[in-house]
Amino acid sequence: MSGATVSTDVVIIGAGPTGLFAAFQCSMLKMNCILVDALDEIGGQCVALYPEKPIYDIPACPAIEGGELIEKLSEQIEPFSVPRLLGRRVEGLTGSAGDFRLETSKGDVIHAKAVIIAAGAGAFGPNRPPLEGLEEYETTGAVRYSVRRKADFEGKSLVIAGGGDSAIDWALSLSRLARKIYLVHRRDKFRAAPESLSQLEDAIARGVVEKITPYQLKGLQGSDGKLTGVEVATLQGEVRTLEAEHLLAFFGLATDLGPIAQWGIDQTRSTIPVTPSSCQTSLPGVYAIGDIATYPGKLKLILQGFSEAAMAAHAIYAIVNPNQALHFEYSTSKGVPGSP
């Protein structure tokens, strides 16, 4: 559906995990809401970048893959039949608290009383290494910046480049499937959770992961998009060639707030400062939650985004229902539609 005109209480920009939970919180407070996302499916980075990557810091879930988490969050809002406008960006925002007008890239017009920006890192794409002939190998999937299906790497030789959580987590996860894994980083020290670092040292000791430090990517070997080797070099010019069929490069994301940057909202380094107690931005009636929001003490955890979603929803209730006091009820006593 394109070019639609809809009215709602709250429009939620971003259908990643934080946006989905915001839809649940708004719905539990009996506020109508609609989800809008530039991607063609819900899930944000969890689905676009790491659907099969385990997440370990979701309460009550010792480990849950990104895709499964999105499935559970979608199931949670299913009783409320929250509309979704996917595959379009919100281009324009006008009006004020209680009477906003938003326009999307596909001509939709949305009238809303409040806005929640849950856009994660904004429009995102990988930081690509400056290697000659890179595009040819990207086209065939020999060079990738995310893992959609772990099975694609079964029995393969891989070079994983990067020194953060993503590189280490995937090195550990894929070591159970791959024939050989080289972990390349320009420093000997990695940046990751202590438990992950402990597991990495064990994997290196067992020989299932080979640490290549201090090296950085230098070139690609192969033809017709088929990768046969990855050249790496030290700062002193020492060069090695690692036999590999795939290069997984994890150098972070290049982010862009896109049209949001033109809405007159205060920004700080591609993030939006908010009031911690309500998550309201500098523009009354517009709230920001998840990775895009910043304030003193902010932790970039999905868990914190869930908390921010609840705070924003409760703050918005007064805008949607200006003459009605909120009598908060716990979900254990209130239940959800369709529950016994």
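Residues numbered from 1 in each chain as written. Predicted model: local features only at pLDDT ≥ 70, side-chain atom pairs only at ≥ 80, totals over all residues. Heavy atoms only, no water.

**Q** Describe the pairing of strand β8 (residues 109-117), and please don't skip the residues or the numbers.
**A** In terms of burial, β8 is a largely internal element, 7 of the 9 residues being buried. The pairing of strand β7 (residues 99-104) with β8 spans 4 bridges and is antiparallel. Within β8, the residue paired with Phe100 across the bridge is Ala112. The antiparallel pairing of β7 with β8 creates a hairpin that spans 4 residues between the two strands, and Gly107 there sits at a positive phi of about 85°. Bridging between β8 and strand β20 (residues 286-288) involves 3 bridges; their strand directions are parallel. When the sheet's bridge partners are listed, Ile117 is paired in β20 with Ala288. (Buried < 20%, exposed > 50% of the residue type's maximum accessible area, 1.4 Å probe, protein only. Helix = DSSP H or I, 4+ residues; strand = E, 2+ residues; numbered from the N terminus. Pairing = 2+ DSSP bridges.)

**Q** Please provide a residue-by-residue account of the side chain of Ser278, values included.
**A** Inspection of the secondary structure assignment puts Ser278 in the loop between β19 (272-273) and β20. Given a relative accessible area of 14%, Ser278 falls into the buried group. Engagement of the side chain of Ser278 in a polar contact is seen with the backbone nitrogen of Gln280, the distance being 3.3 Å. For Ser278, the contacting residues outside a window of four places in its chain are Tyr287, Met311, Ala312 and Ala315. (Polar contact = N/O pair within 3.5 Å; in protein donor to acceptor, adjacent residues only side chain to side chain. Contact = heavy atoms within 4.5 Å.)

**Q** Outline helix α3 (residues 66-77), supporting the account with residue identities and numerical values.
**A** The end-to-end C-alpha separation of α3 is 17 Å, in line with the 16 Å expected for 12 residues at 1.5 Å each. Buried residues of α3: Gly66, Gly67, Leu69, Ile70, Leu73, Ser74 and Ile77, and no others. For α3, the angular spread of buried residues about the axis comes to 160°, placing them on one side. (Expected span 1.5 Å × (residues − 1). Arc of directions from axis to C-beta.)

**Q** Account for the packing of helix α1 (residues 17-28) against helix α7 (residues 302-320), naming residues and giving values.
**A** Axis angle and axis distance: for two packed helices, these are the angle between their axes and the distance between the axes, and together they describe the pair. Look at α1 against α7: their axes get within 8 Å of each other, and the N-to-C directions meet at 35°. Classified by chirality, the crossing of α7 by α1 is right-handed. Residues Pro17, Thr18, Phe21, Ala22, Gln25 and Cys26 of α1 touch α7, and the partners they reach there are Ile302, Gly305, Phe306, Ala309, Ala310, Ala313 and His314. Of the residues that constitute the contact of α1 with α7, the class distribution is 9 nonpolar, 4 polar and no charged. (Axes fitted to C-alpha atoms, helices over the stretch in contact; angles between N-to-C directions. Left-handed = near helix turned anticlockwise from the far one by under 90°. Nonpolar A, V, L, I, M, F, W, Y, C, P; charged D, E, K, R; others polar.)

**Q** Help me get a handle on the sheet that holds strand β14 (residues 216-223), residues and values and all.
**A** Judged by pairing direction, the sheet is antiparallel, and its 3 strands sit side by side in the order β14-β15-β16 without closing on themselves. What marks the edges here is a single partner per strand, and that holds for β14 and β16 (239-243). The average angle at which neighbouring strand axes cross in this sheet is 25°, direction not considered. Examined bridge by bridge, β14 and strand β15 (residues 226-233) share 7 bridges and lie antiparallel to one another. Bridge pairing in β15 links Gly222 to Leu227.

**Q** Now, about a nonpolar patch on the surface: what can you tell me, with residues and values included?
**A** Nonpolar side chains collect at one region of the surface, where Leu299, Leu301 and Leu303 lie side by side and expose about 240 Å² of accessible area between them. Residue placement: Leu299 occurs in the loop between β21 (293-294) and α7. (Patch = residues over 30% accessible without salt bridge, like charges linked within 9 Å, V, L, I, M, F, W, Y side chains within 5 Å. Areas by Shrake-Rupley, 256 points an atom, 1.4 Å probe, with all protein chains shown as cover. Salt bridge = Lys/Arg side-chain N within 4 Å of Asp/Glu carboxyl O.)

**Q** Break down the sheet that holds strand β12 (residues 180-184) for me, citing the residues and quoting the values.
**A** Spatially, β10-β17-β11-β12-β13 is the arrangement adopted by the 5 strands of the open sheet, whose pairing is parallel. Edge strands, defined here as strands with exactly one partner in the open sheet, are β10 (143-144) and β13 (210-212). Across the sheet, helix α5 (residues 165-174) lies against β11 (157-161), β12 and β17 (246-249), angled at about 160° from β11, the strand it touches most.

**Q** So what's going on with the packing of aromatic side chains? Residues and values would help.
**A** Overall, the coordinates contain 3 aromatic pairs when judged by the stated rule. Plain terms: the ring middles of Phe21 and Phe306 are 5.0 Å apart, the flat faces sit at 45° to each other, and that makes the pair tilted. Linking Phe21 in helix α1 with Phe306 in helix α7, this pair joins segments that are 285 residues apart in sequence. Neither residue differs from the other here; Phe21 and Phe306 are each classed as buried. Members of the aromatic cluster, joined through ring pairs, are Phe21, Phe24, Phe80 and Phe306. (Phe/Tyr/Trp six-rings, centres within 6.5 Å; stacked < 30°, edge-to-face > 60°.)

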